[in-house]
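Coordinates in review
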Amino acid sequence: MGLFRFIFSKTFLLQLVLAAVVLVVLAFLTMQWLDFSTNQDQRIEVPDLAKMNLNNVEDRLEELDLDYEILDSANFNPDFPKYSVIDQVPEPGKFVKEDRKIYLTLNPSGYRKVELPNLIRTTKRQAVPTLRSLGFEIGEITYKPDIAEDAVLELRHNGQLLEAGDEVMKTSVIDLVLGDGSGRYRGTSEEEMNDDTNTETPEENETDEFR
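In every chain, residue numbers begin from 1 and rise along the written sequence. Local features are withheld for residues below a pLDDT of 70 in this predicted model, meaning they are given only at 70 or higher, and side-chain atom pairs are given and counted only at 80 or more; totals for whole chains, interfaces and linings count all residues. Think of the side-chain values as coming from all heavy atoms in the structure, minus any hydrogens and water.

A separate point is helix H2 (residues 54–63). Where H2 starts, the residue carrying a side-chain oxygen 3.2 Å from the main-chain nitrogen of Asn-55 turns out to be Asn-53. Among the residues trailing H2, Asp-65 stands out with phi positive, at a value near 60°. Two N or O atoms count as a polar contact when they lie within 3.5 Å, although within protein this holds only if one can serve as hydrogen donor and the other as acceptor, and sequence-adjacent residues are included solely when both atoms are side-chain atoms. Labels follow the DSSP assignment, with helices taken as runs of H or I lasting at least four residues and strands as runs of E lasting at least two, numbered in each case from the N terminus.

Pasting the structure below:
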């Protein structure tokens with residue numbers, strides 16, 4: 001009787017161990033099957049499309065059974081060719097399903113144009129940082145006779161006079177014409193200044209008569 005109990009208990013324990021092993025194996029196989037069934041069509045790795053033009057992009061994605069859509073153009077980046085891919089979603093290296101769309105942002109053909117603010121009669125100290133904050137570069141600074149020292153009299157680009165509201169390409173070089181503070185207003189001729197200097201006052205005329 002004791003031997004029977006010993007054999008029975010040993011067999012029972014062995015069956016329990018075998019059942020546990022079978023359950024573990026079945027669970028593992030089930031997880032593997034679920035992983036395969038849910039991801040079997042997600043094995044396409046997204047390529048790096050940076051700096052590619054649309055013709056190359058289309059050929060590359062067609063080979064991988066992927067599609068694309070252009071979202072927008074970014075600010076011009078001189079490190080990228082014109083009309084090339086500057087950003088993409090999903091990122092390179094991600095795995096996606098077949099026929100998934102890759103969303104692209106393209107580099108425009110050049111810098112965008114910026115509207116010029118009214119800076120006439122502002123000071124050089126105000127105008128220079130304003131122009132730089134808009135993306136312009138400061139070029140040659142020259143002076144003209146004017147009553148206000150360092151007041152902006154003219155803005156020029158490639159020799160052309162600019163006015164407030166003009167649209168100028170970002171990064172353009174803007175030349176400044178400033179007042180020299182000499183006391184003459186802009187537009188006053190040298191003859192007029194000489195006439196003003198030589199004009200005698202009534203008191204001076206009376207003094208000359210008594211002499």
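What follows continues from the structure just given.
The next thing to look at is a nonpolar patch on the surface. Nonpolar side chains collect at one region of the surface, where Val-17, Val-21, Val-25, Phe-28 and Leu-29 lie side by side and expose about 460 Å² of accessible area between them. Take Val-25: it is sitting in helix H1 (residues 2–39). What makes a patch is a set of residues exposed beyond 30% relative accessible area and free of salt bridges, joined within 9 Å when like-charged and within 5 Å when nonpolar (Val, Leu, Ile, Met, Phe, Trp, Tyr). Only the protein chains shown count as cover for residues, and the accessible areas themselves come from Shrake-Rupley with a 1.4 Å probe. Any carboxyl oxygen of Asp or Glu that lies within 4 Å of a side-chain nitrogen of Lys or Arg is treated as forming a salt bridge with it.

Our next topic: a negative patch on the surface. Positive charges come from Lys and Arg alone, negative charges from Asp and Glu alone, with His and the N- and C-terminal ends not counted. For charged residues, the charge sits on one atom: NZ in Lys, CZ in Arg, CG in Asp, CD in Glu. Judged by side-chain charge, Glu-58, Asp-59, Glu-62, Asp-65, Asp-67, Glu-98 and Asp-99 come together as a negatively charged surface patch. Sort the elements by how many residues they give to the negative patch and H2 lands first, with three residues. Of note, Asp-99 is situated in the loop between strand E4 (95–96) and strand E5 (101–106). Only protein chains enter the area calculation, which uses a 1.4 Å probe; residues under 20% of their type maximum are buried, those over 50% are exposed, and those in between are partly exposed. For Asp-99, a relative accessible area of 56% corresponds to the exposed category.

Should DSSP find at least two bridges between two strands, the strands are taken to pair. An order of E2-E5-E3 is seen for the three strands of this open sheet, with the pairing classed as mixed. Each having just a single partner strand, strand E2 (67–73) and strand E3 (85–89) make up the two edges of the open sheet. Pairs of neighbouring strands in the sheet enclose a mean axial angle of 30°, with direction left out of account. Looking at chain direction, E3 and E5 are connected through four bridges and run antiparallel. Its bridge partner being in E5, Asp-87 is matched across the sheet by Thr-105. Contact between two residues is taken to exist if any of their heavy atoms lie within 4.5 Å; hydrogens are not considered. Structural elements are reduced to axes, namely lines fitted to C-alpha atoms, with helices fitted over the stretch in contact, and the angle between N-to-C directions of any two is expressed from 0 to 180 degrees. Contacts from H2 reach E2, E3 and E5 within the one sheet, and its direction differs from that of E2 by about 150°.

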